[in-house]
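Spelled out from the first residue to the last, the chains are:
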Amino acid sequence: AGLTGDIILTADGPLLLFLLPTIREFQKSHPQITVRFIAERRVLRLDYGEAHVAIRLGKEPDEPDNVVQPFKTIRFGLYCSQTYVENHGDVVMEDLFAANRWALTENDDYVPDFYAWLREQVPEDKVAFLSNDPVGVFHAIEAGVGLGFLPRDRAARQPRLKQIKRSDPDWCLKLWLVTHVDRHRSAKVQTFLEYLREHPVDTVDY
């Protein structure tokens with residue numbers, strides 16, 4: 001109940017890089033608390049105490065007895081690397097999906113709707129790279145293997161990337177803070193949630 005001991009945070013593994021600055025600032029004020037991070041796509045049972053705080057991706061979670069709060073929105077765009085142009089020539093805009101090579105995710109259990117939409121647009125013989133790891137796909141796009149979706153914050157910091165199509169408002173991934181009602185009001189959980197909400201970094205390299 002006090003501000004000591006463990007706080008167990010679970011999220012998809014790539015989000016840890018985004019969360020570390022906030023964890024660092026939290027522990028400056030609360031050095032008696034150990035933050036345990038569980039990198040897990042599986043939905044942990046908060047009612048069983050598997051974690052105190054979960055960060056979930058995609059649609060708003062609806063498990064009973066959980067408190068759900070909006071956290072952050074990651075906006076995406078379709079991008080091409082200058083390396084791709086050097087190796088394959090200019091992007092063919094008039095026949096975007098059928099005339100170019102693409103890097104895509106292949107695990108439909110975890111991808112947002114706009115990823116599934118892109119898979120439907122791209123002919124099978126134009127798929128250059130597939131991975132069940134979204135960050136692996138990001139690296140493939142940046143390396144010029146193919147075109148595809150990147151977080152706009154991430155792409156904006158890389159001058160060799162070019163957005164090839166105006167972003168759609170639906171091309172976004174929402175993040176949610178989730179706690180169980182029995183632990184939500186504890187001082188430790190409330191203090192940690194406050195830091196997550198009030199000390200966000202500018203970008204999410206998801």
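Everything numeric in this text was worked out from a predicted model, so none of it was measured. (Residues numbered from 1 in each chain as written. Predicted model: local features only at pLDDT ≥ 70, side-chain atom pairs only at ≥ 80, totals over all residues. Heavy atoms only, no water.)

1. Some details on the overall build of the chain
Within the chain one finds eight helices and nine strands. C-alpha extents for the chain along the principal axes are approximately 60 × 35 × 25 Å. A burial count over the chain gives 44% of its 206 residues as buried. Considering only residue pairs separated by 6 or more positions, the chain has 78% of its internal contacts joining residues 24 or more positions apart. When the accessible surface of the chain is totalled, it reaches about 10800 Å², and 45% of it is carbon and sulfur. The centroid of the 25 positive side-chain charges in the chain is displaced by 4 Å from the centroid of its 31 negative side-chain charges. (Helix = DSSP H or I, 4+ residues; strand = E, 2+ residues; numbered from the N terminus. Buried < 20%, exposed > 50% of the residue type's maximum accessible area, 1.4 Å probe, protein only. Contact = heavy atoms within 4.5 Å. Areas by Shrake-Rupley, 256 points an atom, 1.4 Å probe, with all protein chains shown as cover. Lys, Arg positive; Asp, Glu negative; His and termini not counted. Charge placed at Lys NZ, Arg CZ, Asp CG, Glu CD.)

2. Considering the environment of His184
For His184, the position within the fold is in helix 7 (residues 181–184). Residues His184 and Ala98, spaced 86 residues apart in sequence, show a C-alpha to C-alpha distance of 49 Å. Once residues lying within four places of it in the same chain are set aside, the contact partners of His184 are Val67, Gln69, Thr179, Val189, Gln190 and Leu193. Among the polar contacts listed, one links the side chain of His184 to the side chain of Thr179, at a separation of 2.7 Å. (Polar contact = N/O pair within 3.5 Å; in protein donor to acceptor, adjacent residues only side chain to side chain.)

3. Quick word on unusual backbone geometry
Of note, the phi angle at Asp65 is positive, near 70°, even though the residue is not glycine. Along the polypeptide, Asp65 turns up in the loop between strand 3 (53–57) and strand 4 (66–81).

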